[in-house]
Amino acid sequence: MSKGVFQTKISPAYDDLPERQYHFPRTYLNQVQRTVGDWIVYYEPRRATVDILSRGGRQSYFALARVTQIRQDLEREDHFYADVADYLAFDRAVPFREGGHFYESAMRGQDGRTNSGSAQRAVRNMPDKEFDEIVAAGFEPPRDCRRLVGLSYAAMG
């Protein structure tokens, strides 16, 4: 199992309903499979829609959820749904970067700027420590995320 980041836009091209399901193409199947039974954070990118010139997204993590299963999309070939439970919106959106600190190490390039390759990946796996830091920063006042998400998270470790 692995923690993850699921990226979803304000007006997604896919059938995302963050409280219930995340819709994705086969490209991300391996990464999503690693999150089944574990927790993810949702990330809203800069682009608010599929239009490449679109802007308005917060570039922030905004909620967490637990991935319960993956199922095939019966209408779109090579697409799947990750079903989620225990959805919880953050008190505050957590920007991917505050000053020089990147909450997700994969988002920081070797030159210290944003790694655009990682930023464009809709699904990313992440270390527990980074997940914990994002979740703690998402609540006012910051909270111990192991207590926040309950025994199911504490049991996972």
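Residues numbered from 1 in each chain as written. Predicted model: local features only at pLDDT ≥ 70, side-chain atom pairs only at ≥ 80, totals over all residues. Heavy atoms only, no water.

This part is about the confidence of the model for the protein chain. Here the protein chain shows a mean pLDDT of 81. Residues at 70 or above account for 71%. Looking across the protein chain, the model is least confident in helix α5 (residues 151–156), with a mean pLDDT of 39, and most confident in helix α1 (residues 29–35), with 97. In this model, residues 151–157 is a region of pLDDT below 50 whose contacts with residues beyond four sequence positions or in other chains number 15 contacts. (pLDDT = per-residue confidence, 0-100. Helix = DSSP H or I, 4+ residues; strand = E, 2+ residues; numbered from the N terminus. Contact = heavy atoms within 4.5 Å.)

Take the nonpolar core next. Membership of the largest hydrophobic core comes to 18 residues, with the highest contact counts inside it found for Val 41, Tyr 61, Leu 64, Phe 90, Phe 131, Ile 134 and Val 135. Taken together, the elements giving at least two residues each to this core come down to β3 (39–44), β4 (60–72), β5 (79–95) and α3 (128–137). Residue contributions to this core peak at 4 residues, all from α3. By size, the runner-up hydrophobic cluster in this structure holds 17 residues, among which are Leu 29, Ile 40, Phe 62 and Val 67. (Core = buried A, V, L, I, M, F, W, Y, C linked by side-chain atoms within 4.5 Å. Buried < 20%, exposed > 50% of the residue type's maximum accessible area, 1.4 Å probe, protein only.)

Here we come to the side chain of Asp 83. Residue placement: Asp 83 occurs in strand β5. Judged by its relative accessible area of 11%, Asp 83 falls in the buried class. Not counting residues up to four positions away in its chain, the partners in contact with Asp 83 are Arg 20, Gln 21, Arg 66, Val 67, Thr 68, Gln 69 and Arg 71.

Here we come to the environment of Pro 127. Secondary-structure assignment places Pro 127 in the loop between β8 (123–126) and α3. According to the relative accessible area criterion, Pro 127 is partly exposed, its value standing at 42%. A C-alpha to C-alpha distance of 8.2 Å links Pro 127 and Gly 4, two positions 123 residues apart in sequence.

Across all of its chains, the model carries 11 aromatic pairs by this definition. Relative to Phe 62, the ring of Tyr 42 has its centre 5.7 Å away and its plane inclined at 20 degrees; by these criteria the two rings are stacked. Here Tyr 42, found in strand β3, pairs with Phe 62, found in strand β4; they are 20 residues apart in sequence, far enough to count as distant. Exposure class is identical for Tyr 42 and Phe 62. Each is buried. Where Tyr 43 meets Phe 96, the ring centres are 6.5 Å apart and the plane angle is 80 degrees; that geometry is what we call edge-to-face. You can see Tyr 43 sitting in strand β3 and its partner Phe 96 sitting in the loop between β5 and β6 (97–98), a full 53 residues away along the chain. (Phe/Tyr/Trp six-rings, centres within 6.5 Å; stacked < 30°, edge-to-face > 60°.)

On to unusual backbone geometry. A positive phi angle, near 65 degrees, is found at Asp 78, a position not held by glycine. When you line up the elements, Asp 78 lands in the loop between β4 and β5. Residue Asp 78 is classed as partly exposed on the basis of its relative accessible area of 33%.

With that out of the way, let us pick up the side chain of His 23. Inspection of the secondary structure puts His 23 in strand β2 (residues 21–25). Dropping the residues within four chain positions of it, His 23 is found in contact with Tyr 14, Asp 15, Asp 16, Asp 73, Arg 76, His 79, Phe 80 and Tyr 81.

For the structure on display, the rule yields 7 salt bridges. Here Lys 3 and Asp 38 are joined by a salt bridge, their closest N and O atoms 2.9 Å apart. With Lys 3 in strand β1 (residues 3–7) and Asp 38 in the loop between α1 and β3, this residue pair connects regions lying 35 residues apart in the sequence. Residue class for Lys 3 comes out buried when judged on its relative accessible area of 1%. Several salt bridges share partner residues, and in doing so they unite Lys 3, Asp 38 and Asp 128 into one network. (Salt bridge = Lys/Arg side-chain N within 4 Å of Asp/Glu carboxyl O.)

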